[in-house]
Every structure is written in structure tokens, then in C-alpha cells.
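# Close look at the chain arrangement
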Amino acid sequence: KDNFECFYVQTTGIWQTVWLEYVSEQHLEAVKITPDIDRNMVRFDYEAAGTDKAGSLRLEAAISFKGKPLKRVSLEMDRPCLTVEVDLIHEASGPWKKSWWTPQNPNLYDVEFVLYADGHPVDRVRSYFGMRKISIEKGQVLLNNVPLYQRLILDQGYWTESHLTPPSEDALVADIDSVLAMGYNGVRKHMKIEDSRFLYWCDVKGLLVWSEMAATFEYHDRAVETFSNEWLEIVRQQYNHPSIIAWVPFNESWGVASILRDKRQQKFTEGIYHLTKAIDPYRPVITNDGWEHTVSDILTLHDYVETGDEFLKRYANVEAVANNDTTCNRWKFAFAEGYGYRGQPIMITEFGGIAFKSDKGWGYGEQVSSNEEFIERFAGLTRAIKSVDAICGYCYTQVTDVQQEINGLLTEDRKPKFPLELIREINLS
């Protein structure tokens with residue numbers, strides 16, 4: 001089908017990495033890794049296959065940091081699921097906080113898991129983890145108990161020839177490097193479950209990630225069941241990545257178009273919120289990013305107002321916007337009917353979308369005709385958002401052009417439209 005507006009040429013078939021791996025009948029199926037910086041511990045939740053077979057199973061975990069062995073734990077694996085907590089406080093080299101994971105110092109611990117059957121190794125898995133904590137207190141998002149101002153950029157992960165499929169691992173790394181070069185500290189990976197190699201490099205390079213689900217097209221019982229099953233799988237699959245600091249199961253009422261008043265759709269999003277928390281109570285969950293939230297840990301607002309002055313006028317009273325005040329001149333309410341603001345952190349998670357004049361595509365608002373005009377508008381909007389104390393972060397639209405949507409800071413083939421240092425200076429000033 002033809003592409004138009006926000007609908008792009010379809011990607012079909014197997015578009016992500018698939019591999020086959022030979023394993024022993026007795027093997028590790030999964031290890032869920034949970035850091036706890038307040039207790040200086042890490043928890044391993046193991047799942048193993050073959051525990052009902054004859055013979056004894058022993059599981060060993062060896063933890064190291066920057067090549068230095070720190071801790072080795074060994075235990076009998078006599079049931080399919082097993083949890084162990086490992087104390088790391090005495091094993092860290094140097095002051096403890098120096099080994100925490102942050103965007104500035106993305107420290108990673110290496111860990112090797114070995115499963116033994118009757119004393120012989122039958123499975124070996126190497127992984128890693130980051131000691132970091134995401135929490136919310138008094139209207140602020142905290143990283144390692146310190147307020148975190150998020151400078152995010154929307155990233156849809158499309159390429160000219162291969163669409164949703166990354167052309168190479170180098171292409172993924174290049175995107176991350178470009179985002180960091182522009183002074184952003186994170187991405188909102190928009191309505192796409194990205195290649196795990198992208199998340200690996202975000203872990204390594206210290207780029208924060210909001211992981212966001214692709215939407216169903218419409219609401220019905222089958223959509224609820226399919227979405228729920230797939231979302232659970234995604235949260236489990238991506239749980240160990242320290243770079244992921246937020247889950248976004250819904251965006252802009254896609255798939256729940258009547259959520260403002262429809263109790264079924266409201267309860268669906270509530271259910272997904274609580275289901276996510278049952279698997280991962282440690283990360284914020286944003287329920288319906290942009291508007292018409294139900295239960296949500298962060299209030300996220302999308303606003304493509306064109307100038308900083310207009311933004312400041314609209315958000316002169318941020319709490320009025322949060323409380324669905326009709327005088328704020330927003331085309332969508334912050335909360336669905338029956339729900340309301342409870343002091344959550346507030347972020348502007350889509351804005352800008354500025355495009356240069358062209359008859360080949362579109363951006364948000366009037367298109368600009370020069371670099372100077374673009375930078376003036378971009379700087380005015382970004383600085384206006386940063387000047388509002390009640391707002392604790394933002395997400396600009398977007399990293400690259402996507403087909404007919406030509407509002408990226410880079411073209412679709414990753415060419416900068418102007419020196420990246422200009423964007424960096426505005427983001428960091």
C-alpha cells in the first residue's frame with residue numbers, strides 16, 4: 001500500500017535477527033538480573049530445563065568487573081526456578097558509587113553462568129549487568145537516587161532500503177553516536193521493539209532508552225490477548241538491559257482510540273500497567289504516552305506548538321494542563337475520564353518536528369527555509385521547555401527523516417542537515 005502521513009511503507013516477513021542454537025537437554029532457559037544499589041546486591045532469578053532428569057545439577061555464577069574477578073557463587077539446581085541474591089559490597093574495587101551505571105560512566109559487570117550435570121559442564125552462558133536504579137520521588141525521576149533531567153529524542157529506527165531492519169550493526173552504533181553527539185542522553189524508541197544489538201550498545205555507551213510497544217490497529221478481544229502475550233514476552237526479553245529506564249506499552253491512544261470514555265479500553269491499559277509491574281516493579285510505566293492517560297508513573301504530553309513564546313503561554317500553569325483545564329488550549333486531555341493528576345513527574349515527550357521547505361514531505365507546523373530559521377525555532381522551543389521548573393525532561397521529534405516525514409535532524413540516509421554541534425550546544429546550555 002502507499003505511504004501517507006504517519007503511515008510508512010510496510011515491513012513484512014522476518015525483519016529481526018533469528019538464530020538456531022544447540023543446547024543440552026539440561027540447560028539454562030533464562031536468567032533475570034535485578035540490581036539493588038541500596039543493598040549493594042544483585043539478584044539472579046534462574047529458569048532451567050531438565051531439572052527433573054536423573055543426576056544432580058549445580059549452577060555456578062562468576063562475576064567480574066573490568067576484568068577483575070569479584071564473586072563466585074555455587075548452588076544446587078533442584079527445581080526449574082530458583083532465586084539467589086549476591087552481596088557485592090566487599091568485592092567492589094574503589095568507592096562503591098564509581099561502579100554504578102550512569103550515562104557518564106556506563107559501568108558493566110560481566111557474569112558467566114555454568115550449569116553442571118553430575119560434575120560436568122552442560123551449558124555455559126555469558127552476560128552482563130549494570131548496577132543502577134530508576135525511581136520516582138516528589139515529582140522527579142531519579143537515577144541512582146539523584147534527579148535525572150531527560151534530554152530524549154524520538155527514534156523510529158527506519159532505513160532507506162531495509163525499512164525497520166538495521167542494515168548492519170555499524171549502522172546501529174552510528175545512530176547512537178549521532179544522538180550522543182547532539183547532546184541527548186536518551187531515546188524514545190518509537191513504536192518499535194528494536195534489535196537487541198542496539199540495546200547492547202546503548203548499555204555500553206550509556207544512552208538511556210524508553211522501550212515502546214508497536215500498537216494494535218484496533219481494539220477487540222483478540223487484540224487484547226495478542227498484545228498482552230507479546231508485551232509480557234518483550235518485557236521479559238529486555239528486562240536485563242540497564243539502558244532501559246521506562247516501559248511505554250501505549251502511545252497516543254493507538255489501538256485504544258476511545259480510551260477517553262470507554263471503560264473497557266481504560267481497564268485494558270490499567271491491566272497492562274499492573275501486569276508490567278508484576279514482572280518489573282522497578283521501572284516507570286507510561287500508560288498512553290502523549291495524552292488521555294489512565295494509571296501512569298509519568299505524565300507525558302505531546303505538543304507541537306511552533307514557538308517558545310506560545311509554549312510558555314500554554315504552560316504558564318502546568319498543573320492546569322495536568323488537570324484537564326479546558327482553557328489551556330490543548331486539543332487532547334492529559335487524562336482519560338475518571339482519572340487525574342497525582343503529582344507524577346511531567347515531561348514533554350513529543351515536540352518540534354520542524355521540517356525544511358519541500359514538496360516531498362511534511363513536518364509539524366510551518367516549514368522553515370534556512371538553517372538560521374530552523375535553529376531559532378528549535379532553540380526557542382527547547383529553551384522554553386527547559387525553563388519550566390515543573391517539567392523534568394523532553395523528547396524532540398526526531399532523529400531522522402522517515403520516508404515522507406521529513407522532520408529529522410538527519411536525513412533518512414543519516415546525513416546531518418546542519419552541524420550537530422549546534423544542536424548539542426542548545427541541549428546542554
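Bear in mind the structure is a predicted one, so any value in this text is a computation, not a measurement.

### Brief notes about the packing of helix α3 (residues 221–238) against helix α4 (residues 263–279)
One way to put it is that α3 packs onto α4 with a least axis distance of 10 Å and a crossing angle of 25°. As far as their axial angle goes, α4 and α3 are roughly parallel. Between α3 and α4 lies a crossing of right-handed hand. Packed against α3, whose contacting residues are Val 224, Phe 227, Ser 228, Trp 231, Leu 232, Val 235 and Arg 236, the element α4 presents Phe 268, Ile 272, Leu 275, Thr 276 and Ile 279 at the interface. Here the contact of α3 with α4 is built from residues that sort into nine nonpolar, two polar and one charged.

### A look at the pattern of salt bridges
For side chains of opposite charge, pairing can occur when their charged atoms come near one another. Under the defined criterion, the tally for this structure stands at 29 salt bridges. As a salt-bridge pair, Glu 270 and Lys 267 come within 3.1 Å of each other at their nearest N and O atoms. With Glu 270 and Lys 267 both in helix α4 and three residues apart, this pair spans about one turn of that helix. One network of salt bridges, in which partners are shared, links Asp 155, Lys 189, Lys 192 and Glu 194.

### Concerning the sheet that holds strand β2 (residues 41–49)
Sheet architecture is open: three strands sit in the order β1-β2-β5, paired in antiparallel fashion. Strands at the two margins of the open sheet, each flanked by one partner only, are β1 (27–36) and β5 (81–87). Each strand of the sheet is rotated relative to its neighbour by a mean of 20°, with strand direction disregarded. As judged from the seven bridges shared by β2 and β5, these two strands associate in the antiparallel manner. When the bridges of β5 are listed, Met 41 appears paired with Asp 87.

### Considering helix α1 (residues 169–181)
Counted at 1.5 Å a residue, the expected span for α1 with its 13 residues is 18 Å, and the 18 Å between its end C-alpha atoms agrees. Among the residues making up α1, those that are buried are Ala 171, Leu 172, Val 173, Asp 175, Ile 176, Ser 178 and Val 179. Packed against the buried residues of α1 are β11 (150–155), β12 (186–189), α2 (196–205) and α8 (420–428). Among the residues of α1, the N-terminal cap falls to Ser 168, whose side-chain oxygen and the backbone nitrogen of Asp 170 are separated by 3.4 Å. Remark: Gly 183 follows α1 within two positions and exhibits a positive phi of approximately 85°.

### Details of the packing of α1 against α2
Closest axis-to-axis distance for the α1/α2 pair is 9 Å, and the angle between their directions is 40°. The angle between α1 and α2 falls in the class oblique. For the crossing formed where α1 meets α2, the hand is right-handed. Residues Glu 169, Leu 172, Val 173, Ile 176, Asp 177 and Leu 180 of α1 form the contact with α2, whose own contacting residues are Arg 197, Phe 198, Trp 201, Cys 202 and Lys 205. Grouping the constituent residues of the contact of α1 with α2 by class yields seven nonpolar, no polar and four charged.

### Details of the sheet that holds strand β15 (residues 285–289)
The eight strands lie next to each other as β15-β14-β13-β12-β11-β18-β17-β16, forming an open sheet whose pairing is parallel. Bordering the open sheet on either side are β15 and β16 (299–302), each of which pairs with just one other strand. Adjacent strand axes in the sheet meet at a mean angle of 25° when their direction is disregarded. Relative to β12, β11 is paired through four bridges, and the arrangement is parallel.

Rules used throughout
Residues numbered from 1 in each chain as written. Predicted model: local features only at pLDDT ≥ 70, side-chain atom pairs only at ≥ 80, totals over all residues. Heavy atoms only, no water. Axes fitted to C-alpha atoms, helices over the stretch in contact; angles between N-to-C directions. Helix = DSSP H or I, 4+ residues; strand = E, 2+ residues; numbered from the N terminus. Parallel < 35°, antiparallel > 145°, perpendicular 65-115°, else oblique. Left-handed = near helix turned anticlockwise from the far one by under 90°. Contact = heavy atoms within 4.5 Å. Nonpolar A, V, L, I, M, F, W, Y, C, P; charged D, E, K, R; others polar. Salt bridge = Lys/Arg side-chain N within 4 Å of Asp/Glu carboxyl O. Pairing = 2+ DSSP bridges. Expected span 1.5 Å × (residues − 1). Buried < 20%, exposed > 50% of the residue type's maximum accessible area, 1.4 Å probe, protein only. Polar contact = N/O pair within 3.5 Å; in protein donor to acceptor, adjacent residues only side chain to side chain.

Nothing here speaks to function; it is geometry throughout.
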